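So you can see what is in the structure, the chains are spelled out below.
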Amino acid sequence: CTVIFIRLATRDLHKPISILFCNLAVSDLFTSFSGFWISMLFITNPDITIFGSQDMLAPYALYTTSILSTIYNLVSIGIERYLAVAESMRTRFRVARNHSIAVVFISWVLAFFLGCLPLMGWNCLQAERSISVLYSPFCVDYLVFITMPNVVVAFLVPLFTYLRIIIILRKRKLRMQACGQATGTYKSAETQVARTSISIWLLALVSYAPFSAGVIFDATNQRCHTDLYPGVYIFRNCTAMLVTITCLGNPVLYTLKLRALGAKLKALRCLSANRVRTI
């Protein structure tokens, strides 16, 4: 919410990357909201979160949609950063605002379509054979179809884009060194990109790897719900907490530079004070 408020209030959305940052914050907000919805259902009626129910389809669908949108946003940000520093043959490809808006629209349409497939009929309310143990009434084949390709994309695409950025910056630094020019800016940019990319990878690994492991366990497990209670469901809750940590870590990694944020908040406070005095 802080990210969204700051970027809207300071009119920072004219930059393509700012649109992606703001959209990432919206995705994280939806993830937190859907996770809270599932938690309230667990508090009021724990059995439906274990054995599955019609009431769980909507919150799980929103949760899946939010996570998919977050993954697509992270991939889009990595590609945008790569295009911002990469050079084509003679000209630099510039990502325009319209490109970012189109990417945001496509990512949400794709996330909603894939996330709402259980609401369209791909669920196991009637079929007991392929029902998921961890996320009933989702089907195991649906979870595998959704999880595996998107997790691979979430790991490989940022790896490629940020490594390419580091390689490009290093080549430019070596080229400037050969010409006897200062390279402090490129060295600093290379170090910061390397630190950020490592942090992004660690956050994604900690957040999504256990969830993927749970889906693989779900696909290979043949036992019923009661045989796995409570240990497996504690693991499921821990994976949900790790996904929530991603929602908290994304603003820190991508947008919230504390000094810049403090300066913008201070500027907004002064602007509000000046308006009050004027009135």
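Residues numbered from 1 in each chain as written. Predicted model: local features only at pLDDT ≥ 70, side-chain atom pairs only at ≥ 80, totals over all residues. Heavy atoms only, no water.

### Some remarks on the state of the cysteines
And then number 1: For the structure shown, the criterion picks out one disulfide.
And then number 2: Paired by a disulfide, Cys124 and Cys139 hold their sulfur atoms 2.0 Å apart. Handedness of the Cys124-Cys139 disulfide follows from its S-S torsion of about 125°: it is right-handed. Placement of the pair is Cys124 in the loop between helix 5 (97–115) and helix 6 (140–178) and Cys139 in the loop between helix 5 and helix 6, with a sequence separation of 15 residues. Cys139 carries the same exposure label as Cys124, and that label is buried. (Disulfide = S-S within 2.5 Å. Helix = DSSP H or I, 4+ residues; strand = E, 2+ residues; numbered from the N terminus. Buried < 20%, exposed > 50% of the residue type's maximum accessible area, 1.4 Å probe, protein only.)

### Focus: the nonpolar core
And then number 1: Residues Tyr135, Phe138 and Tyr142 are the most contacted members of the largest nonpolar core, which totals 32 residues.
And then number 2: Where this core is concerned, the elements lending two or more residues are helix 2 (16–44), helix 4 (57–85), helix 5, helix 6, helix 7 (184–220) and helix 9 (231–254).
And then number 3: Leaving out residues up to four positions away in the same chain, Phe138 has contacts with Leu57, Tyr60, Ala61, Thr64, Pro118, Cys124, Ser130, Ile131, Ser132 and Leu143.
And then number 4: Phe21, Leu24, Val104 and Ile165 belong to the second largest nonpolar core, which has 17 residues in total. (Core = buried A, V, L, I, M, F, W, Y, C linked by side-chain atoms within 4.5 Å. Contact = heavy atoms within 4.5 Å.)

### Re the packing of helix 1 (residues 2–9) against helix 2
And then number 1: Two elements in contact, helix 1 and helix 2, have axes separated by 9 Å at closest approach and are oriented at 150°. On the basis of the axis angle, helix 1 is roughly antiparallel to helix 2. Note on packing geometry: the crossing formed by helix 1 with helix 2 is left-handed. Two secondary-structure elements touch here, helix 1 through Val3, Ile4 and Arg7 and helix 2 through Ser18, Phe21, Cys22, Ala25, Val26 and Leu29. (Axes fitted to C-alpha atoms, helices over the stretch in contact; angles between N-to-C directions. Parallel < 35°, antiparallel > 145°, perpendicular 65-115°, else oblique. Left-handed = near helix turned anticlockwise from the far one by under 90°.)

### Comments concerning the layout of surface pockets
And then number 1: By volume, the second largest pocket is sized at about 360 Å³.
And then number 2: Every residue lining the second largest pocket is counted, 17 residues in all, and those nearest its centre are Gly35, Ile38, Ser39, Asn237 and Ala240.
And then number 3: At the level of elements, helix 2, helix 4 and helix 9 are the ones that each hand at least two residues to the lining of the second largest pocket.
And then number 4: Partitioned by chemical class, the residues of the lining of the second largest pocket number eight nonpolar, eight polar and one charged. (1 Å grid on protein atoms, 1.4 Å probe; cavity = no way out; pocket = protein on both sides within 12 Å on 5 of 7 lines; lining within 4 Å. Points joined across faces, edges and corners; volume = space filled by probe spheres on them. Nonpolar A, V, L, I, M, F, W, Y, C, P; charged D, E, K, R; others polar.)

### Quick look at helix 5
And then number 1: For helix 5, built from 19 residues, the straight-helix expectation of 27 Å at 1.5 Å per residue is met to within 8% by its first-to-last C-alpha distance of 27 Å.
And then number 2: Considered for burial, the residues of helix 5 that qualify are Ser100, Val104, Ser107, Trp108, Ala111, Leu114 and Gly115. End-on view of helix 5: buried residues confined to an arc of 140°, all on one side of the axis. For helix 5, the exposed residues lying more than 90 degrees away from the buried face are Asn98, Phe105 and Ile106. (Expected span 1.5 Å × (residues − 1). Arc of directions from axis to C-beta.)

### Brief notes about the side chain of Thr161
And then number 1: Among the structural elements, Thr161 can be located in helix 6.
And then number 2: Dropping the residues within four chain positions of it, Thr161 is found in contact with Gly78, Ile79 and Tyr82.

### Re the UniProt feature "transmembrane region" (unreviewed entry) in the chain
And then number 1: Per the UniProt record, the feature "transmembrane region" (unreviewed entry) sits at residues 17–40, 60–79, 100–122, 142–167, 198–217 and 233–256.
And then number 2: Helix makes up 100% of residues 60–79 and strand makes up 0%, while its end C-alpha atoms are separated by 29 Å.
And then number 3: Split by type, residues 142–167 is 100% helix and 0% strand. Its first and last C-alpha atoms lie 38 Å apart. (UniProt positions renumbered as here; feature names shortened; annotations may be inferred.)

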